[in-house]
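# Geometric and topological summary
Chain residues, written in single-letter form:
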Amino acid sequence: MIWKRSAVLRFYSVCGLLLQAAASKNKMKGSQGQPLTQNVTVVEGGTAILTCRVDQDNTSLQWSNPAQQTLYFDDKKALRDNRIELVRASWHELSISVSDVSLSDEGQYTCSLFTMPVKTSKAYLTVLGVPEKPQISGFSSPVMEGDLMQLTCKTSGSKPAADIRWFKNDKEIKDVKYLKEEDANRKTFTVSSTLDFRVDRSDDGVAVICRVDHESLNATPQVAMQVLEIHYTPSVKIIPSTPFPQEGQPLILTCESKGKPLPEPVLWTKDGGELPDPDRMVVSGRELNILFLNKTDNGTYRCEATNTIGQSSAEYVLIVHDPNALAGQTGPDHALIGGIVAVVVFVTLCSIFLLGRYLARHKGTYLTNEAKGAEDAPDADTAIINAEGSQVNAEEKKEYFI
């Protein structure tokens, strides 16, 4: 009791000294300017700086918390709180820091300038609640293909309420449900979002991401990830080692089966029954090896794969080709090529022959028309004289042969 009474007396004495100092400064300077402050936003757990400035000398400044408790009067600390420290104290400025800020520190702080009357300025301290790391619930492994999956992402402690977004294969999913609830402290929020979709085999191994965005996270969102495991029936395909199986050659048929769980082993049959020649038809894992083919191997081969989800199969129709016939079908047709060459040569020769005949006939006709009647002449001069169209018989034609 004695200690409490002495503390109260000291508090009142300090207040009296402060009021006396303010009154004396007011008498000296008269009315002072208006103090200037600004609102502050800080993340929970961070440090807030509260600054109050005036544009005149010989002033006394004081910071008070929302409960109207004096924090600092000039450079003198009034409240015993180790989180509160002096940053700067002068005639023009009083700045203090509040470290490890909690949500309870939020509120309106007052800077007072001790004039007559006292002038004040308000600064609101906003404390952002950091959302907790999100958690995804609702996934139970494995999920069967075609089932409806419902995933829920939840985070608490955000102020203001955080935003939740969903991504699948790096593509955002928009059609989701969102719920916001106030926490027990009535200051922060718990938010949750639910994603519904029907899965198929393409979702196996896909990462579904829940991302929480909030202004307190400095553009670095918090994420939770769930990798999906989807079970589905096998899909089967038969791949031959050659597109043209030939008699006497080996053939490998590979049964490519995909499913989850992985189907192992596979079952090979021919024409609805067992393989007819086990010594020559060897099954190794998913492969059917036929060491050397013959015509009796023709038929329908079936590969069947089974897992705990279901069964699937594929068929391959084998036709063994004769090597000679296949070579004749696939190689060049020499008889056809030879026939084409012969026709081309024949046509060329005929064209040359006909052209020669035409030229010969044209030349003979010219000589006959020009020298008709000169065939029996004993010499050239006589032939010229006897020829039709000569200068003797036709004055209008003048033609000389030298």
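Look above for the structure.
Residues numbered from 1 in each chain as written. Predicted model: local features only at pLDDT ≥ 70, side-chain atom pairs only at ≥ 80, totals over all residues. Heavy atoms only, no water.

### A look at the side chain of S257
Just so we agree on the cut-off: In DSSP terms, a helix is any run of H or I states spanning at least four residues, a strand is any run of E spanning at least two, and both are numbered starting from the N terminus. Any pair of N or O atoms that falls within 3.5 Å is considered a polar contact. Within protein, one atom must be able to donate a hydrogen and the other to accept it, and sequence-neighbouring residues count only if both atoms are side-chain atoms. Here a residue-residue contact requires only that any non-hydrogen atoms of the pair lie within 4.5 Å.
Considering the arrangement of structural elements, one finds S257 in strand β20 (residues 251–260). Of note is the side chain of S257, whose polar atom sits 2.9 Å from the side chain of R286. Not counting the four nearest positions on each side in its chain, S257 is found in contact with S235, V236, L262, P263, V266, R286 and A305.

### With respect to the packing of aromatic side chains
Cut-off, in case you're wondering: Side-chain rings of Phe, Tyr and Trp (the six-membered ring for Trp) are treated as a pair once their centres are within 6.5 Å; stacked means planes under 30 degrees apart, edge-to-face means over 60, and tilted covers the remaining angles. Accessibility here uses a 1.4 Å probe with only protein chains present; expressed as a share of the type maximum, an area under 20% marks a residue as buried, one over 50% as exposed, and anything in between as partly exposed. We call a charge positioned above a ring when the Lys NZ or Arg CZ atom is no farther than 6 Å from the ring centre and deviates by at most 35 degrees from the ring normal.
Within this structure, the stated rule accounts for one aromatic pair. Aromatic pair F73 and F114: ring centres 5.1 Å apart, planes at 65°, arrangement edge-to-face. One end of the pair, F73, is in strand β4 (residues 70–73); the other, F114, is in the loop between β8 (107–113) and β9 (119–128), and 41 residues separate them in sequence. For the pair shown, F73 and F114 are each scored as buried. K180 extends its terminal NZ or CZ atom over the ring of F189, reaching a point 5.4 Å from the ring centre. For the cation-ring pair, R280 lies above F292, with the distance from its terminal atom to the ring centre recorded as 5.4 Å.

### Description of the sheet that holds strand β24 (residues 299–306)
The following threshold applies: Note: two strands are recorded as paired if DSSP finds a minimum of 2 bridges between them. Only the stretch in contact is used when a helix axis is fitted, and all axes are lines through C-alpha atoms; the angle between N-to-C directions ranges over 0 to 180 degrees.
With antiparallel pairing, the three strands of this open sheet are ordered in space as β21-β24-β25. At either end of the open sheet lies a strand with only one pairing partner, and these are β21 (266–270) and β25 (311–318). When the angles between neighbouring strand axes are averaged without regard to direction, this sheet yields 20°. Relative to β25, β24 runs antiparallel, the two sharing eight bridges. Across the sheet, T306 pairs through a bridge with Q311, a residue of β25.

### With respect to the state of the cysteines
The criterion, for reference: The disulfide criterion is simple: two cysteine sulfur atoms within 2.5 Å.
Following the criterion strictly, the structure yields three disulfides and no others. The side chain of C52 participates in a disulfide bridge whose partner is C111; the two sulfur atoms lie 1.8 Å from each other. In this structure, the disulfide formed by C52 and C111 twists by about -75° around the S-S bond and is classed as left-handed. Remark: C111 occurs in strand β8 and C52 occurs in strand β2 (residues 48–53); sequence separation between them is 59 residues. You'll find C52 and C111 in the same group, each marked buried. Bridging C255 to C303, the disulfide has an S-S length of 1.7 Å. Its S-S torsion of about -75° marks the bond between C255 and C303 as left-handed, since a negative value means left-handed.

### Focus on the sheet that holds strand β22 (residues 281–284)
Strand order in the open sheet formed by five strands is β11-β19-β20-β23-β22, with mixed pairing between adjacent strands. One side of each edge strand has no neighbouring strand; the edge strands of this open sheet are β11 (143–144) and β22. Examined bridge by bridge, β22 and strand β23 (residues 287–290) share four bridges and lie antiparallel to one another. In the strand pairing of β23, S284 is matched with E287.

### Looking at the nonpolar core
Across soluble globular proteins, nonpolar side chains show a tendency to be buried alongside one another. Just so we agree on the cut-off: By nonpolar core we mean a set of buried residues, namely Ala, Val, Leu, Ile, Met, Phe, Trp, Tyr and Cys, connected to one another through side-chain atoms within 4.5 Å.
Membership of the largest hydrophobic core comes to 22 residues, with the highest contact counts inside it found for L61, W63, I96 and L125. Within the residue set of this core, elements represented by two or more residues are β1 (40–43), β2, β3 (61–64), β4, β7 (93–98), β8 and β9. In this structure, C255, L293, L318 and V320 belong to the second largest nonpolar core, which totals 19 residues.

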